[in-house]
Amino acid sequence: MSREARHERIKAELKADPMLTDEELAKLLGVSISTIRLDRALLGIPEVRERIKMMAQNAVSKLKSLREEEVIGDLVELEPNNFAVSTLVTTNEMAFRHTEWVSDHYIYAQATSLAIAAIDENMVFTGAARIKYKQPARVGERLVARAKVGTKKGNKYIVSVRTRVGEREIFVGRFITVVSKDGNRSDLTSERRGG
């Protein structure tokens, strides 16, 4: 592959997934990591940490339903009432007792906070959820959760969240989020009772 073709492919891959690391790009293109780093420098593309930081600043500026610190993980993309993306690098503190497996409540917390963050309202709650854990995650892995806002009916939105580790899908959730105009949970309790 010529340098020009490789540069075009790097730009296309990063447009599709801006969170790709140099190692992942090198594997995709069949070249060395140092080649990818040189190509990125020539193209003026920052490293993954800097790209994510820039994306996060843009996403957080659009966040309305939560404070930044209430989002579990790092919010990296947000188009209100359309979609949202967050990442969560797992640590030893997130593991089940003395194992390398991440406790499921961290995976759920990332997903539900992302479902709420995707809604462009001041006060949003999770009214109901249908979830499925498909595969476990290990300590040290980066969870990438993607939320897609679907149907809106009255003060309720259906938000689908899928969490991946690399190419492996580990979690799928469908959340009904409830918008409360007055800041109390009356709308939420009626949803939980089936109303």
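Definitions and limits used
Residues numbered from 1 in each chain as written. Predicted model: local features only at pLDDT ≥ 70, side-chain atom pairs only at ≥ 80, totals over all residues. Heavy atoms only, no water. Helix = DSSP H or I, 4+ residues; strand = E, 2+ residues; numbered from the N terminus. Buried < 20%, exposed > 50% of the residue type's maximum accessible area, 1.4 Å probe, protein only. Contact = heavy atoms within 4.5 Å. Areas by Shrake-Rupley, 256 points an atom, 1.4 Å probe, with all protein chains shown as cover. Lys, Arg positive; Asp, Glu negative; His and termini not counted. Charge placed at Lys NZ, Arg CZ, Asp CG, Glu CD. pLDDT = per-residue confidence, 0-100. Pairing = 2+ DSSP bridges. Axes fitted to C-alpha atoms, helices over the stretch in contact; angles between N-to-C directions. 1 Å grid on protein atoms, 1.4 Å probe; cavity = no way out; pocket = protein on both sides within 12 Å on 5 of 7 lines; lining within 4 Å. Points joined across faces, edges and corners; volume = space filled by probe spheres on them. Nonpolar A, V, L, I, M, F, W, Y, C, P; charged D, E, K, R; others polar.

A. Fine view of the overall build of the protein chain. Within the protein chain, the secondary structure is distributed over 6 helices and 6 strands. Overall, the protein chain shows an N-to-C arrangement of helices and strands of α-α-α-α-β-β-α-β-β-β-β-α. Judged by the C-alpha coordinates and their principal axes, the protein chain covers about 60 × 40 × 25 Å. Per-residue burial over the protein chain gives 41% buried out of 195 residues. Residue pairs in contact within the protein chain that sit at least 24 positions apart in sequence constitute 58% of those at least 6 positions apart. As displayed, the protein chain offers around 11,000 Å² of accessible surface, 50% of which is attributable to carbon and sulfur atoms. The positive charge centre, built from 33 side chains, and the negative charge centre, built from 27, are 5 Å apart in the protein chain.

B. Layout of the confidence of the model for the protein chain. Mean pLDDT over the protein chain works out to 89, with 93% of the residues at or above the 70 mark. The low-confidence segment residues 190-195 (pLDDT under 50) makes 9 contacts with residues lying over four places distant or belonging to another chain.

C. Structural context of the sheet that holds strand β5 (residues 156-165). Spatially, the 6 strands line up as an open sheet ordered β1-β2-β4-β5-β6-β3, and their pairing is antiparallel. Both outer strands of the open sheet, β1 (74-79) and β3 (124-133), are each paired with one neighbouring strand and no more. Sheet twist, expressed as the average angle between the axes of neighbouring strands with direction ignored, equals 20°. Sheet analysis places strand β2 (residues 83-89) next to strand β4 (residues 142-153), joined by 7 bridges and oriented antiparallel. Across the sheet, the residue bridging to A84 is A147, located in β4.

D. How the structure looks around the layout of surface pockets. What the largest pocket holds in volume is close to 540 Å³. Broken down by element, the residue count for the lining of the largest pocket peaks at 5 residues, all from β5. In this structure, the second largest pocket encloses a volume near 160 Å³. Taken together, T21, D22, E23, R37, R40, E47, V48 and R49 make up the full set of residues lining the second largest pocket. Looking at the lining of the second largest pocket, the elements that each hand over two or more residues are α2 (22-29), α3 (33-43) and α4 (48-62). Residue composition of the lining of the second largest pocket, grouped by class: 1 nonpolar, 1 polar and 6 charged.

E. View of unusual backbone geometry. Phi is positive for N81, close to 60°, though the residue is something other than glycine. If you check the backbone angles, H98 has positive phi at about 50° while not being a glycine. We classify H98 as exposed; its relative accessible area is 87%.

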